[in-house]
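Residues per chain are reported as follows:
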Amino acid sequence: MPNAFSKEERVAFENLLEGFNDALVLSRNVSVYTTDQEMMERTNDVIWRPQPYVAQSFAGTDMTSNFKDYTQLSVPATIGFSRSVPWVMTAKELRDAKQEGRIGDAAKQKLASDINVAIMNVAAQQGTLVVKRTAAASGFDDVAQCEAIMNETGVQTFDRYLALSTRDYNGMASNLAGRQNMTDLPKTAYQRAYVGMIASFDTYKMDYANRILARSATSVTVNGANQFYTPRATSTAGTGETSNVDNRYQNLAVTVGSGTIRVGDCFTLAGVNARHLITKGDTGQLKTFRVTAIISGGGGTGTIQISPPIISGQGGTDAELQYQNVTATPANGAVVTFLNTANADINPFWQKDALEILPGRLSIPADSGMQVIRGTTDNGIEVVMSKQADIDTIRTKFRVDVLFGVVNKQPEMSGVILFSQP
């Protein structure tokens, strides 16, 4: 039978799947979008996911001149992560069923880690809300700044998460453990280095963390006026073909005095404050940006790709007024101030709807000669275990596979907090 697994192997797989669910701590805190796998194959595993609309309201009862089209923005999401753990066992080794179970546990641990790391990489690299702290992590005041930057820009107040490196998380737990005037929490913080929910964020401790380098570039200014962005749903090529537009990025011409700008650098622009995305009010705080690519040059005069785009409303289009996120377009010569001034761990935070995971599915024909067993995690990720024996060597090959994608639909609903930045 092509799909015949022994009872011991089925039990081992069920245990693996159960443990896999437990290990997917971070992926449970992002949205899940289930796709039609046949359609995904025909589109090269790419689907365009809509960003949230931002509505406009007007005063008065006569709306004659206010019936206008809404611009629906979308971003490309790709099922691009295919991870597998393969191993081989001899006929002698297979006499011990526990040996196969131990290897399965290792496979579960690695693949769950791969999924969590993929989510953290996207959150750390594409989050644009940047909180700079000059000292080491110390507790409530740090997380409160993450809450402030989200509240000020209109991010939903529920389903917020913060993932901290072990050292930064323990620094917060140390502060909490010293608060003798609170019940329960200080004791747990002391015994287990546990923080829990702080300032509307569920916090998690990472045993790994991305790193950011101190900025290299100095004396950086904007090179040219009127560098604002106009959102658009689609673009039309010279041949008349229409295609979707990814509105998360914008090119910005700059001049660098010395050093080089790096992907991941965090910065503000002089005179460019953030707006509340719904009310359009001035937050009084400089808008934060990330460098997402170097288009030309890293030093001297060049062009960088940044996120989010500078939507100042200067062009006056309906789309600009709908998605306006800053108070002004940066002036020619406006100073670029980098926030990552020292090497540090990147601690991402996000609202659940910002990040999305797309489960994929591998199709293995039943008559292919392999024996296959499948299971699905609570968040829709399919785990496939397959095996195939070699009669020449009486060795059996095993593999456990997962296929998935991760997308940051809204970089302005996710960010990073950096500690010890002078």
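Notes on the structure follow. (Residues numbered from 1 in each chain as written. Predicted model: local features only at pLDDT ≥ 70, side-chain atom pairs only at ≥ 80, totals over all residues. Heavy atoms only, no water.)

## Focus on the nonpolar core
Judged by nonpolar contacts, the single largest core of 28 residues is most densely connected at Trp-87, Ile-119, Trp-350 and Ile-357. Of all the secondary structure elements, the ones that give two or more residues to this core are β4 (81–90), α3 (97–126), β6 (160–165), β20 (355–359), β22 (382–390) and β23 (395–408). Take this core: its biggest share by element is eight residues, from α3. Formed by 20 residues, the second largest nonpolar core is a distinct cluster that contains Val-143, Leu-164, Met-172 and Ile-198. (Core = buried A, V, L, I, M, F, W, Y, C linked by side-chain atoms within 4.5 Å. Buried < 20%, exposed > 50% of the residue type's maximum accessible area, 1.4 Å probe, protein only. Helix = DSSP H or I, 4+ residues; strand = E, 2+ residues; numbered from the N terminus.)

## Focus on the packing of aromatic side chains
Under the counting rule described, the total for this entry stands at seven aromatic pairs. Arranged with centres 5.9 Å apart and planes meeting at 90 degrees, the rings of Phe-201 and Phe-349 form a pair that is edge-to-face. Residue Phe-201 is found in strand β8 (residues 201–206), and its partner Phe-349 is found in strand β19 (residues 347–351); the two are separated by 148 residues along the sequence. Across the pair, exposure class does not vary: Phe-201 and Phe-349 are buried alike. Judged by centre distance (5.5 Å) and plane angle (20 degrees), the rings of Phe-267 and Phe-289 are stacked. Separated by 22 residues along the polypeptide, Phe-267 in strand β14 (residues 266–275) and Phe-289 in strand β15 (residues 282–296) bring together distant segments of the chain. (Phe/Tyr/Trp six-rings, centres within 6.5 Å; stacked < 30°, edge-to-face > 60°.)

## Quick notes on the pairing of strand β2 (residues 46–50)
With burial as the criterion, only one face of β2 is covered, namely that bearing Ile-47 and Arg-49; the residues Val-46, Trp-48 and Pro-50 on the opposite face remain uncovered. In terms of strand pairing, β2 meets strand β3 (residues 74–78) through five bridges, oriented antiparallel. Residue pairing in the sheet places Pro-50 in a bridge with Ser-74 of β3. (Pairing = 2+ DSSP bridges.)

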